[in-house]
Amino acid sequence: MLKTLEIENIAVIEQAQIEFSSGFNVLTGETGAGKSIVVDSINAILGERTSRELVRTGADFAFVSALFTDINETVKSKLSDLGYSAEEDDSLLLTRRISRDGKSLCKINGRSATVSVLREIGSVLVNIHGQHDSQALLNPDCHYKYIDMLSGGQKLINEYKAAFADFIHIRRRLKQLTVQAEKNDNNTELLDYEIKELEDADIKEGEIEKLTARKKALDNAGDALEAYNSLLSVINGDDEIAGARLSLLTAANGIEKFSEYSEDNAKAYSLLQNVDDELETVKSLIENSVQALDLDPGEREKIEERLDLLYRLGKKYGPSESDMLKSLEDAKAKRNSINTDEEELERLTNEYDSALEKVENLALKLSELRKKTANKFEQDVKSQLEFLDMPKISFEVRFDKGILSSTGVDKIEFLISTNPGEPPKPLAKIASGGELSRIMLAIKNIIAYNDTVGTLIFDEIDTGVSGRASGKIGMKLKEVSKNTQVITVTHSAQIAAFADTHFLIAKDFENGRTYTRVSPLDFEKRKYELARIMGGLQITDALLESAREMLLNAQEDN
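Each value, and the rule that gives it
- In this convention, every chain numbers its residues from 1, walking through the sequence in written order.
- Only residues with pLDDT of at least 70 are given local features in this predicted model, and only at 80 or more are side-chain atom pairs given and counted; all residues enter the totals for whole chains, interfaces and linings.
- Computation of side-chain values covers all heavy atoms of the structure but excludes hydrogens and water.
- Residue types Ala, Val, Leu, Ile, Met, Phe, Trp, Tyr and Cys, when buried and joined through side-chain atoms within 4.5 Å, form a set referred to as a nonpolar core.
- Throughout this description, buried means an accessible area under 20% of the type-specific maximum (1.4 Å probe, protein chains only), exposed means over 50%, and partly exposed covers the range between.
- By the convention used here, residues are in contact when the closest approach between their heavy atoms is within 4.5 Å.
- One requirement defines pairing of two strands: DSSP has to find at least two bridges between them.
- Comment: elements are numbered from the N terminus, with helices defined as DSSP H or I runs of at least four residues and strands as E runs of at least two.
- Candidates for patches are residues over 30% relative accessible area with no salt bridge; among them, like charges are joined within 9 Å and nonpolar side chains (Val, Leu, Ile, Met, Phe, Trp, Tyr) within 5 Å.
- Only the protein chains shown count as cover for residues, and the accessible areas themselves come from Shrake-Rupley with a 1.4 Å probe.
- Throughout this description, the term salt bridge denotes a Lys or Arg side-chain nitrogen within 4 Å of a carboxyl oxygen of Asp or Glu.
- By the counting rule applied here, Lys and Arg register as positive and Asp and Glu as negative, while His and the ends of each chain are not counted.
- A charged residue contributes its charge at one atom only: NZ of Lys, CZ of Arg, CG of Asp or CD of Glu.
- For every element, the axis is a line fit to its C-alpha atoms; helices are fit only across the contacting stretch, and the angle between N-to-C directions ranges from 0 to 180 degrees.

**Q** Quick question: what am I supposed to make of the nonpolar core here?
**A** Where a protein is soluble and globular, its nonpolar side chains tend to be buried together. Ranked by internal contacts, the top residues of the largest apolar core, which has 50 residues, are Phe 377, Val 397, Phe 414, Leu 477 and Leu 530. Each residue touching Phe 377, except ones within four places of it in the same chain, is listed here: Ile 147, Leu 150, Phe 395, Val 397, Phe 414, Ile 443, Ile 446 and Ile 447. Membership of the second largest hydrophobic core comes to 47 residues, among which are Phe 20, Ala 66, Leu 79 and Cys 106.

**Q** I would appreciate a short explanation of the sheet that holds strand β11 (residues 425-426) in the present structure.
**A** The strands that make up a sheet are held in pairs by hydrogen bonds between backbone atoms, and each pair lies either parallel or antiparallel. Taken in spatial order, the three strands make up an open sheet running β9-β10-β11, and their pairing is antiparallel. Only two strands of the sheet have a single partner each, and these edge strands are β9 (394-405) and β11. Of the strand pairs in this sheet, strand β10 (residues 408-417) and β11 are connected by two bridges, and their pairing is antiparallel. Its bridge partner lying in β11, Ile 416 is registered against Lys 425.

**Q** Got a minute to help me understand a negative patch on the surface in this structure?
**A** A grouping of Asp 70, Glu 87, Glu 88 and Asp 89 is seen on the molecular surface, where their side chains present a negatively charged patch. Position of Asp 70 among the secondary structure elements: in the loop between β4 (61-68) and α2 (73-81). On the basis of relative accessible area, Asp 70 is assigned to the exposed category, the value being 62%.

**Q** Explain the sheet that holds strand β5 (residues 92-99) here, please?
**A** Strands sit in the order β2-β1-β4-β5-β6-β7 across an open sheet of six strands; the sheet is antiparallel. The open sheet is flanked by β2 (13-19) and β7 (111-113), the only strands paired with a single partner. Each strand of the sheet is rotated relative to its neighbour by a mean of 15 degrees, with strand direction disregarded. Sheet topology places β4 next to β5; eight bridges connect them, and they run antiparallel. In the strand pairing of β5, Ala 66 is matched with Leu 94. In this fold helix α1 (residues 35-45) packs onto β1 (2-10), β2, β4 and β5, with an angle of close to 105 degrees to the strand it touches most, β1. Sitting on the sheet, helix α3 (residues 115-123) touches β5, β6 (104-108) and β7, and the angle it makes with β6 is about 45 degrees.

**Q** Mind showing me how you'd approach the pattern of salt bridges here?
**A** Between side chains of opposite charge, pairing is possible as soon as their charged atoms come close. Going through the model one piece at a time under the given rule, you end up with 22 salt bridges. Glu 73 is the partner of Lys 76 in a salt bridge, and the nearest nitrogen-oxygen pair spans 3.4 Å. Taken together, the positions of Lys 76 and Glu 73, both in helix α2 and three residues apart, correspond to about one turn of that helix. Exposure remark for Lys 76: the relative accessible area of 25% places this residue in the partly exposed category. Overall, the relative accessible area of 57% leaves Glu 73 in the exposed class. Between Glu 524 and Lys 527 there is a salt bridge, with the nearest N and O atoms lying 3.2 Å from each other. Taken together, the residues span about one helical turn, with Glu 524 and Lys 527 both in helix α15 (residues 523-535) at a distance of three residues. On the basis of relative accessible area, Glu 524 is assigned to the partly exposed category, the value being 43%. Residue Lys 527 is classed as buried on the basis of its relative accessible area, which comes to 13%. Members of the salt-bridge network, linked through shared partners, are Glu 73, Lys 76 and Asp 90.

Put into structure tokens, the structure is as follows:
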């Protein structure tokens, strides 16, 4: 509920602090005293649009704060969704500072917030109904909520919402896969071709480097063979000339007998022996190289064909073997994904039919429950309106079938006819403010036990209503206040008499400035205020006695 409202520099209110009670609160005062400013201030703290004209003349800014206590789970859930939380004692402090240039600084429990966030929080805290402000009740898109509040079918509603959420998830995924399948039809053939092309190539890491080296070797085979043979000739010799190996062996044998004469000779002989071994190794290696050149004459052509294939594949899939092998793995992965998608598409197609059938069945059950609830709701509203001096009103709940949505398949709208013989029309088209206020009150009284909004505000609910009807409105407001905090701005003494807490809004003039003050009234002061409302400027003893009796009678009725 709204516990404390602080107002600073709002229009003619320089500073005011209002401590509301949990029951029925009434604000009265002369016309122009500033009653509407209190409602404007509450609207501001609930995130409604304001203008710079709201800032008091001469002030740099206006400020409003509202302390809510004992907030319910709906408010806590909304706070959590928006990234905020209540205090440990379940209190919530909203503040809004409006500067002269129209900019706002908003906070929720001391944390900065935007006006839009403030508005979302406000929507679950307070419901304001004024003569020209019908809010959610006059919005047909919200009418199903009132029926659901009274239906007692929360378990069915939750079951439907869960089934609908599953259905939407399946439908969304199915749509994605269907769109993807159309693209896959074009991609599958290409992927199959790429996979086959790369697999047939049988690519090996390092293959290009080896083939390039081999090709270079074959390109220089003639010069290499001449060099190899020349070296072998030097090592081996021929029929006319002894080779280097034989010459060295002969020379080594010549100094062998002198090895014992000095260490140098011995070392020289040993080295010559090593040279012979090295020359034998060189000879073997070169002979191997000669044999390597003696291969298939078509080898070079095959190497060129292979390098040409790898070059062409490299232009498509990446220059290195690793790039091409990665492209092969990627293509296989995409192809597997397509296969998986095709399997899931088939599975979801079957699940879709089952999920749709489940949602439609639950929607039908929910619709039946709503229609049953609506029948009683119509009778209850008529009964409430009869008590509020509207006995000839016709009230209907119209059901039309709409598309499946998160709220069901029903399009629900409240229709009324205030004159016999006139066809019922949408509630939003009712012109009379007094009639609209009483209809609002009747409905609110019925749903008060189930409404999650903790504070209900009626701004001048008595407009266009006679004294007798005003008294009944006061009784109904009092009844509603037993379950929901009610704040009412009124010009009716009959309504004000039923209040638990009565505030007087009065205008004073000091030093050429206008000031509005908000003061709580005790029993004696309430008598004078009720007498003023009933009799105007001349407050007589008879009026005071009538006011006293009105207050006492209202207390007895409670």
